[in-house]
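Structural characterization, general
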Amino acid sequence: MIRSPRAWALEQNDRRIVFASDTEATMFAESRPFRVAQHRLPAWKAVLPIGGHAELRQPGRPLVAAFGLIVPPQLAHTCAATSPYIALFIDPWLLPSYPEPIRLDTGETRRLLAALGSTDSDGPDAGVDLTAGYTELRTLAGCPSPLDPRVAHAVDLCASRDPDMPITSIATEVGLSAVRLRALVRKDVGITLTRLRRWGRLRTAIADLPDSTAALAAATAGFADQAHLTRTARDFIGRTPASLRRAEA
């Protein structure tokens, strides 16, 4: 279960990395450029370079480059920032559906950074205002359609409040069969409950990384083992848990 808000910052070899998470957004930031491997994140991602630009490439398609990018959920892509950056993650039901990356101009990118409370060239500290960042992001991407209350309750449990609760128990709680609940979530959110659960567990594990080993963080978050955590991180964010803590070229 994600403790909200939860934040940490680490300094290592002239590199600062920052993590923060609350009920509306999760943030990861670094004080230098970084590139991640191909992945499919089950959430929205706003890539906000501080002084540089963002690059995104999809298999078989031209490079997309802009001062900032908003990437829709489940898009297979590689991503890079050419400067210190903030990556802001928003659960898929909190913004309206959109099939393609949204390019941000320099003014829009700066407004998002200012809303978060970060205009420093080295990136943010752990005290960012995630609620203000999400509010500004919603002015750019639009407001989502309201979810069916049963779906809203189910995805909140799976992704945030109780990732260990069996889906059959969640279905019973909202008065649906497990099959019907899965179908409704897939229709309204576009992502399976199982995948949303793994996303919630990944955030929990990352929140615990500075205070424990990767194996302990994996166990605490509900992963089968450290290898399961590592596979999920590569699939969802294009990097390993170890890369979030150590200096890399």
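So, here's what we can say about the structure.

What counts, and at which threshold
Residues numbered from 1 in each chain as written. Predicted model: local features only at pLDDT ≥ 70, side-chain atom pairs only at ≥ 80, totals over all residues. Heavy atoms only, no water. 1 Å grid on protein atoms, 1.4 Å probe; cavity = no way out; pocket = protein on both sides within 12 Å on 5 of 7 lines; lining within 4 Å. Points joined across faces, edges and corners; volume = space filled by probe spheres on them. Helix = DSSP H or I, 4+ residues; strand = E, 2+ residues; numbered from the N terminus. Buried < 20%, exposed > 50% of the residue type's maximum accessible area, 1.4 Å probe, protein only. Contact = heavy atoms within 4.5 Å. Polar contact = N/O pair within 3.5 Å; in protein donor to acceptor, adjacent residues only side chain to side chain. Phe/Tyr/Trp six-rings, centres within 6.5 Å; stacked < 30°, edge-to-face > 60°. Salt bridge = Lys/Arg side-chain N within 4 Å of Asp/Glu carboxyl O. Pairing = 2+ DSSP bridges. Axes fitted to C-alpha atoms, helices over the stretch in contact; angles between N-to-C directions.

**Some remarks on empty space enclosed by the protein**
Scanning the entire structure with this criterion turns up 1 cavity of 30 Å³ or more. Put simply, the largest cavity is a space of about 270 Å³. Residue lining of the largest cavity: 21 residues in total, with Val 36, Tyr 85, Ala 87, Phe 89 and Arg 239 positioned closest to the centre. Listed by contribution, the elements that provide at least two residues to the lining of the largest cavity are β3 (26-30), β4 (34-39), β5 (44-49), β9 (77-81), β10 (85-90) and α6 (193-208).

**What to know about the environment of Gln 74**
Structurally, the position occupied by Gln 74 is in the loop between β8 (68-71) and β9. We classify Gln 74 as partly exposed; its relative accessible area is 23%. The spatial distance from the C-alpha of Gln 74 to the C-alpha of Ala 132 is 25 Å, given a sequence separation of 58 residues. Excluding residues within four positions of it along the chain, Gln 74 makes contact with Arg 40, Leu 41, Pro 42, Ile 191 and Arg 195. Within the local environment of Gln 74, its side chain forms a polar contact with the side chain of Arg 195, the two groups lying 2.9 Å apart.

**As for the packing of aromatic side chains**
For the structure shown, the criterion picks out 3 aromatic pairs. Between Trp 8 and Phe 19 the ring centres are 5.7 Å apart and the planes differ by 20°, which places this aromatic pair in the stacked class. Of the two residues, Trp 8 is situated in strand β1 (residues 6-12) and Phe 19 in strand β2 (residues 15-21); the sequence distance between them amounts to 11 residues. On the basis of relative accessible area, Trp 8 is assigned to the buried category, the value being 8%. Owing to a relative accessible area of 2%, Phe 19 belongs among the buried residues under this scheme. A ring pair is formed by Trp 8 and Phe 28, whose centres lie 6.3 Å apart and whose planes are at 75°; its orientation type is edge-to-face. Here Trp 8 is found in strand β1, whereas its partner Phe 28 is found in strand β3, with 20 residues between them in sequence.

**Points about the pattern of salt bridges**
All told, the structure shown has 15 salt bridges when counted by the stated rule. In this structure, Glu 136 and Arg 111 form a salt bridge, with 3.4 Å as the shortest nitrogen-oxygen distance. Separated by 25 residues along the polypeptide, Glu 136 in helix α2 (residues 130-141) and Arg 111 in helix α1 (residues 106-116) bring together distant segments of the chain. Salt-bridge contacts for Arg 150 lead to Asp 148; the nearest nitrogen and oxygen are separated by 2.8 Å. Sharing partners across several salt bridges, the network here consists of Arg 6, Asp 208 and Asp 211.

**Some details on the sheet that holds β4**
With antiparallel pairing, 4 strands are arranged side by side in an open sheet as β4-β9-β6-β7. Each of the sheet's edge strands pairs with one partner strand only, and the pair in question is β4 and β7 (64-66). Sheet twist, expressed as the average angle between the axes of neighbouring strands with direction ignored, equals 10°. The sheet contact formed by β4 and β9 spans 4 bridges and is antiparallel. Looking across to β9, one finds that Val 36 is bridged to Cys 79.

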